[in-house]
Amino acid sequence: MRLAVSTTAPPPSRRRARFLPWAPLLTLAVMLGPVLAGLSGTLAPALGYMPALGGHGVTLAAFDALFAWPGLPRAVALSLGVGFAATAISLGLVVLICAGWAGTRTFGAIERLLSPLLSVPHAAAAFGLAFLIAPSGWIARALSPGLTGWARPPDLLILQDPAGVSLILGLVTKEVPFLLLMTLAALTQVRPGQSLRVAQALGYGRVTGWLKAIFPQLYRQIRLPVYAVLAFSMSVVDVAIILGPNTPPTLAVQVVRWMSDPDLSMRFQAAAGAVLQLGLVLLGLGLWRLMEVAVARLGRVWIASGARGRRRGEQALRMGALMLGGLAALAVIAGLAGQVVWSFAGLWQFPDLLPDALTLRNWQRHGPRLAGPVTETLLIAGAATGLALLLTLASLEAGHRHGLRPATRALWLLYLPLIVPQVAFLMGFQTLSIATGVDGGRAAVVLAHLVFVLPYVFLSLSEPWRAWDARQGVIARALGAGPDRVLWAVRLPMLLRPLLVAAAVGFAVSVGQYLPTLLVGAGRVATLTTEAVALAAGGDRRVIGVYALAQTAAAFAPFALAVVLPRALWRNRKGMRGG
Amino acid sequence: MAELLRGLRLEQVVITLGGARLIALDCAIAPGEVLTVMGPSGVGKSTLLAAITGTLDPAFAMSGRIRLDGRDLTGLPTEARRVGILFQDEYLFPHLSVGANLAFGLKAEVKGRAERRARVLAALAEVGLEGFARRDPATLSGGQRARVALQRMLLSEPRALLLDEAFSRLDTGLRAQVRELVFATARRRALPVLQVTHDQSDAAAAGGAVVVLG
């Protein structure tokens, strides 16, 4: 308002002043519009309404067909089991790592590992894990034939095991860094140092004191990320295609199979499956909430008991958490290393630990074919990230200038696209985009990616944005600078590092998107991720290595830039380091 | 008549928060004079300054008029008010060199790179900081930072000066020195000064009227 009446403001800012107040609403619409529209577009065919395929009435036939599928109970159980196991293990590990090590030098090292680990796309990490644990993988090779006696890869179903254990492991390696990052952000608000010192002064062990004094405050702050992890683990598709069981697969994978079935009438069944997937996630969240209540009750009893924690037990927990966390990180790093080796491998026989010869042949053969998917990936990720940054900054600046305070309830809205299963609304989104004629194009894919990129960009930027000392802005204004100059000459340069990190996060999220690219692109938009996952069935490790590495590089490069660029720019500015 | 209007005047300024009255003040500060507002923390001293700079949180409501040299400041954006402010933290922009910090304050009406640069160097020389233009502000001592912040503010040619516990971070010796520099400069430039502090010695050094809140 103040801007609009100001006579000193230059014309451009007056134009922006009209756009700015609308930015938060526009951001919400861009993020939630596709989710809500997509959900309705999924629900309609599930109930038999899809005129294009001759479905006009409201029937439950699609659900009848779905429930008649013999694999359903097992697929549903798999989805639930995998989701709960992956989430519980990841959360437990993150909590124990923080309880045992927060504030120590070791913890600093863990923090530095986070960003690179986070930037590895899910599919690439899953391929890496597959390279390690497969019967012909590195672990088996390292133990053979000496310990195992295997002269050829054993006929064991380690990968894609029917119980989903390898899928759970694959998810844990990616969820631990994500939850740890969210926990770190929450910890800065809880200020754990003092509470922990008080608890220790009262004779509590480090881990016990942390769990009793800090965790209860902390969990409230990381509840939404935990829900997102649970929903994601229950409904993930790309990781489940690579590591999950096949007969039957998880429900989400089966839904995608039905969706790409040449028999178009299977679309109805697919839609019903997608609706069931949504119900399943809601049920899962409800169950998790009940578990929260039960754990809280037990926790209160435990806290009231005054148990201080035994030294030996504490030590074991600390070391155990560190080792398991290290193992999860190692699985990703060694997996990537395995892909590097495979992509350069000539002849590589079992049980040799390394190939006979290294060659550039794989890269020479498949490299030129990478150009298309690389360009596509970078274009889409660049556009989605750019739009997300613009909308996020405009929303935050609008909040700042017009004194809008986001309600805590609004945070739910940010997490909605991360909690609603992708299959549940992308199918409807696809149907709608066909109806509106924007299907199969790059623009539609960018919009679909934006739905997932925006929350991450917003979440990673909003905290540093608010932490910026507003008095710095008051000083600048008092020196005669208008709001635009304060934004461009003071606030954004001072926030360069978090800006670049947010951009890198957004870019990595876009690079890693499988289902939105596949469905909304109608199979015609080929990115590194869709190509890599499509190669999974073929099992040619050399090609997979090439594609997975290219995918990882595309996701990782912006993170490297976000570290290097501020260092170079601010090499003579001590006050800008570590900020 | 014009003489009467000069300086900073708070005319029946009342600031309320959710209907509860926080501050009520009616006073005039003539050019070169200092008014000290004292009171324990949480009494709303900084809120008063925010009202004058135009950065009052929307949760607060203000009635009354604030005039600077006869000009009504109500509704003017902060950057058009020509009110300089110093906090206890200097808030030198960490991404800019000392010289660029001063140039940020220097009015845009001063044109030409050479002229602007000359003005910045002169401002540094005035407080004994010759050769500091290219320095990183994070490498300065507390006293140097305070002087840079003062000069940066003066280059924006404010018509009034607000001090928000501006000296409380400095240790005793330095504090007297910086305080003396700030008050002497304000007198020389005929700036009305409003300082809020909870330190008696700041009030004594200012020598002007004292209002106690709370």
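A word on the overall build of chain A
What chain A contains, in helices and strands, is 26 helices and zero strands. For chain A, buried positions account for 48% of its 579 residues. Considering only residue pairs separated by 6 or more positions, chain A has 79% of its internal contacts joining residues 24 or more positions apart.

Let's talk about the overall build of chain B
Each helix and strand counted, chain B has seven helices and nine strands in total. For 214 residues, the compact-globule estimate of 2.2 N^0.38 gives 17 Å, and chain B sits close to it at 17 Å. Across its three principal directions, the C-alpha atoms of chain B cover 50 × 40 × 35 Å. The buried share of chain B, reckoned over its 214 residues, is 41%. Excluding contacts between residues fewer than 6 apart, the proportion of contacts in chain B whose partners are at least 24 apart in sequence is 71%.

Remarks on unusual backbone geometry
In this model, Thr247 of chain A is joined to Pro248 of chain A through a cis peptide bond whose omega is -5°. Tracing the backbone through its elements, the reader meets Pro248 of chain A in the loop between α13 (238-243) and α14 (251-259). Here the amide bond leading from Phe350 of chain A into Pro351 of chain A is cis, since omega sits at 0°, within 30 degrees of zero. One non-glycine residue, Gln12 of chain B, adopts positive backbone phi at about 50°. Residue placement: Gln12 of chain B occurs in strand β1 (residues 8-17). By the C-beta count within 10 Å, which is 10 here, Gln12 of chain B ends up exposed.

With respect to the interface of chain A and chain B
Interface size is commonly expressed as the accessible area that is lost once the parts come together. Residue-level contacts link 24 residues of chain A with 26 residues of chain B. Counting residues per element, the ones that place at least two in the side of chain A that touches chain B are α1 (2-5), α21 (470-478) and α22 (483-494) of chain A. With six residues, the top contributor of residues to the side of chain A that touches chain B is α21 of chain A. Residues that form the side of chain A that touches chain B fall into these classes: eleven nonpolar, eight polar and five charged.

Some remarks on the nonpolar core
Residues and elements named next belong to chain A. Residues Ala123, Ala130, Val237 and Val423 are the most contacted members of the largest nonpolar core, which totals 231 residues. For this core, the element with the highest residue contribution is helix α20 (residues 442-467), accounting for 16 residues. Discounting chain neighbours no more than four positions away, the residues touching Val237 are Ala252, Val253, Val256, Gln422, Val423, Tyr514 and Leu515.

Some details on the sheet that holds strand β2 (residues 20-29) of chain B
Taken in spatial order, the four strands make up an open sheet running β2-β1-β4-β5 (chain B), and their pairing is antiparallel. Of all the strands in the sheet, the pair left with one neighbour each is β2 and β5 (71-72) of chain B.

Digging into the environment of Thr185 of chain B
Residues and elements named next belong to chain B. Relative to the assigned elements, Thr185 resides in helix α6 (residues 172-188). A residue is classified by how many C-beta atoms lie within 10 Å of it, and Thr185, with 18 of them, is partly exposed. Sequence spacing of Thr185 and Leu154 is 31 residues, and the spatial spacing of their C-alpha atoms is 9.2 Å. Setting aside residues no more than four positions away along its own chain, Thr185 makes contact with Leu150 and Leu154.

Describing the confidence of the model for chain B
Residues and elements named next belong to chain B. Summary statistics for chain B give a mean pLDDT of 93 and a share of 98% for residues scoring 70 or more. Taking the mean pLDDT of every element in chain B, the minimum, 61, falls on helix α1 (residues 2-5) and the maximum, 97, on helix α3 (residues 98-105). For this predicted complex, the interface score ipTM comes out at 0.93, alongside a pTM of 0.90.

Overview of the pairing of β2 of chain B
Note: β1 of chain B against β2 of chain B, eight bridges, orientation antiparallel. When the bridges of β2 of chain B are listed, Val14 of chain B appears paired with Ala24 of chain B.

Notes on the environment of Val501 of chain A
Residue and element names in this part refer to chain A. Assignment of secondary structure puts Val501 in helix α23 (residues 496-512). On the basis of neighbour count, Val501 is assigned to the buried category, with 22 C-beta atoms found within 10 Å. For the pair formed by Val501 and Ala562, sequence separation is 61 residues and the distance between their alpha carbons is 5.5 Å. Residues contacting Val501, with those up to four places away along its chain left out, are Ser460 and Ala562.

A look at α3 of chain B
Residues and elements named next belong to chain B. Here α3 lies mainly inside the structure; six of its eight residues are buried. Inspection of α3 places Val98, Asn101, Leu102, Ala103, Phe104 and Gly105 among the buried residues, and these make up the whole buried set. Contacts from the buried residues of α3 go to α4 (113-126) and α5 (142-155).

So, the environment of Leu36 of chain A
All names here are of chain A. Considering the arrangement of structural elements, one finds Leu36 in helix α3 (residues 23-46). On the neighbour-count criterion, Leu36 (14 C-beta atoms within 10 Å) is partly exposed. On a C-alpha basis, the gap between Leu36 and Gly428 in space is 9.3 Å, while along the polypeptide they are 392 residues apart.

Structural notes on the pairing of strand β6 (residues 83-87) of chain B
All names here are of chain B. Burial of β6 is extensive: five of the five residues sit out of reach of the surface. As defined by bridge partners, β6 adjoins strand β7 (residues 160-164) across five bridges and the pair is classed as parallel. The partner of Leu86 across the bridge, within β7, is Leu163.

Concerning the packing of helix α25 (residues 528-535) of chain A against helix α26 (residues 541-569) of chain A
Residue and element names in this part refer to chain A. Running from N to C, α25 and α26 cross one another at 155°; their axes reach a closest spacing of 9 Å. Taken together, the axes of α25 and α26 lie roughly antiparallel to each other. Every pair of crossing elements has a handedness; the one defined by α25 and α26 is left-handed. Here Leu528, Thr529, Glu531, Ala532 and Leu535 of α25 lie close against α26, whose contacting residues are Val543, Ile544, Tyr547, Ala548, Ala550, Gln551 and Ala554. The residue makeup of the contact of α25 with α26, split by class, is nine nonpolar, two polar and one charged.

What counts, and where the lines are drawn
Residues numbered from 1 in each chain as written. Chains lettered and ligands numbered in written order. Predicted model: local features only at pLDDT ≥ 70, side-chain atom pairs only at ≥ 80, totals over all residues. Helix = DSSP H or I, 4+ residues; strand = E, 2+ residues; numbered from the N terminus. Buried ≥ 20, exposed ≤ 12 C-beta atoms within 10 Å, placed from the backbone. Contact = placed C-beta atoms within 7 Å. Rg over C-alpha atoms; globule rule 2.2 N^0.38 Å. Nonpolar A, V, L, I, M, F, W, Y, C, P; charged D, E, K, R; others polar. Core = buried A, V, L, I, M, F, W, Y, C linked by C-beta atoms within 7 Å. Pairing = 2+ DSSP bridges. pLDDT = per-residue confidence, 0-100. Axes fitted to C-alpha atoms, helices over the stretch in contact; angles between N-to-C directions. Parallel < 35°, antiparallel > 145°, perpendicular 65-115°, else oblique. Left-handed = near helix turned anticlockwise from the far one by under 90°.

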